[in-house]
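# Geometric and topological summary
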Amino acid sequence: MASQVIPMDDIVERFETEVKRGMMQVAIMCLLERERYGYDIIKSLKDGGLSVEEGTLYPILRRLEDEGLLASRWETTGPRPRKYYVITAYGKEVRSKLLASLNAFGSAIGRLEREAVGG
């Protein structure tokens, strides 16, 4: 039975989606050393080269908050209420571990890539 060849664009898109899911939570945790609200987070991520939609951002923020990695507060003064998020002390510890893990993966991939191209 012959296997079906999946188009390269589909493979790359699936890979990027899977990687982006994990990377996005780390990126958000890096941004939240100071309080930020949703639109500000989206803009900062976009400015940093990571685009995210509201429908993706808010579930991540809720999950990180539920896990104790972020804290939030409502600001109701001004033209519209805004929910501000900031990383917790526990979140900083977890972020440090996640960043170390990402760096280790990056180093390992770099070594494997150099071996693959004969370096």
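Refer to the preceding data block for the structure.
A brief structural summary. If you're wondering where the values come from, they're calculated on a predicted model, not measured in any experiment. (Residues numbered from 1 in each chain as written. Predicted model: local features only at pLDDT ≥ 70, side-chain atom pairs only at ≥ 80, totals over all residues. Heavy atoms only, no water.)

## Observations concerning the nonpolar core
Counting residues in each nonpolar core, the largest one holds 18 residues, and the members touching the most others are Ile28, Leu32, Ile41, Leu45 and Leu61. Of all the secondary-structure elements, those providing two or more residues to this core are α1 (8–31), α2 (38–47), α3 (54–66) and β3 (82–87). The biggest single contributor to this core is α1, with five residues. Other than its neighbours up to four places away in sequence, Ile28 contacts Ile41, Leu45, Leu57, Ile60, Leu61 and Leu64. (Core = buried A, V, L, I, M, F, W, Y, C linked by side-chain atoms within 4.5 Å. Buried < 20%, exposed > 50% of the residue type's maximum accessible area, 1.4 Å probe, protein only. Helix = DSSP H or I, 4+ residues; strand = E, 2+ residues; numbered from the N terminus. Contact = heavy atoms within 4.5 Å.)

## Observations concerning a negative patch on the surface
A cluster of acidic residues, Asp9, Asp10, Glu13 and Glu16, forms a negative patch at the surface. One can find Glu16 in helix α1. (Patch = residues over 30% accessible without salt bridge, like charges linked within 9 Å, V, L, I, M, F, W, Y side chains within 5 Å. Areas by Shrake-Rupley, 256 points an atom, 1.4 Å probe, with all protein chains shown as cover. Salt bridge = Lys/Arg side-chain N within 4 Å of Asp/Glu carboxyl O. Lys, Arg positive; Asp, Glu negative; His and termini not counted. Charge placed at Lys NZ, Arg CZ, Asp CG, Glu CD.)

## Some thoughts on the packing of α2 against α3
Axis separation between α2 and α3 bottoms out at 11 Å; the angle between their running directions is 115 degrees. For the element pair α2 / α3, the angle class is roughly perpendicular. Between α2 and α3 lies a crossing whose hand is right-handed. Of the residues in α3, those touching α2 at Gly38, Tyr39, Ile41 and Ile42 are Glu54, Leu57, Tyr58 and Leu61. (Axes fitted to C-alpha atoms, helices over the stretch in contact; angles between N-to-C directions. Parallel < 35°, antiparallel > 145°, perpendicular 65-115°, else oblique. Left-handed = near helix turned anticlockwise from the far one by under 90°.)

## Some remarks on the sheet that holds β3
Strand order in the open sheet made by the three strands is β1-β3-β2, with antiparallel pairing throughout. Of all the strands in the sheet, just β1 (36–37) and β2 (70–75) have a single pairing partner and so form its edges. When β1 meets β3, the two strands line up antiparallel, connected through two bridges. Paired with Tyr37 across the strands is Tyr84, a residue of β3. (Pairing = 2+ DSSP bridges.)

## Observations concerning a nonpolar patch on the surface
A cluster of nonpolar side chains, contributed by Phe15, Val19 and Met23, occupies part of the molecular surface with about 270 Å² of accessible area. Relative to the assigned elements, Phe15 resides in helix α1.

## Focus on the packing of aromatic side chains
Counted according to the given criterion, the structure contains one aromatic pair. Taking the centre distance of 5.5 Å and the plane angle of 70 degrees together, the rings of Tyr37 and Tyr84 count as edge-to-face. In this pair, Tyr37 is assigned in strand β1 and Tyr84 in strand β3, connecting sequence segments 47 residues apart. The lysine or arginine in question, Arg73, covers the ring of Tyr84, its NZ or CZ lying 5.0 Å from the ring centre. Here Arg82 stacks its cationic end above the ring of Tyr37, 4.0 Å away from the centre of that ring. (Phe/Tyr/Trp six-rings, centres within 6.5 Å; stacked < 30°, edge-to-face > 60°. Lys NZ or Arg CZ within 6 Å of the ring centre and 35° of its normal.)

## Re the pattern of salt bridges
When the charged atoms of two side chains lie near each other, side chains of opposite charge can form a pair. One pass over the structure, following the stated rule, counts nine salt bridges. Ionic pairing is found between Arg34 and Asp40, a salt bridge with its closest N-O pair at 4.0 Å. In this structure, Arg63 engages Glu67 in a salt bridge whose closest nitrogen and oxygen atoms are separated by 4.0 Å. Judged by relative accessible area, which is 34%, Arg63 ranks as partly exposed. The structure contains a network of salt bridges with shared partners spanning Glu33, Lys92 and Arg95.

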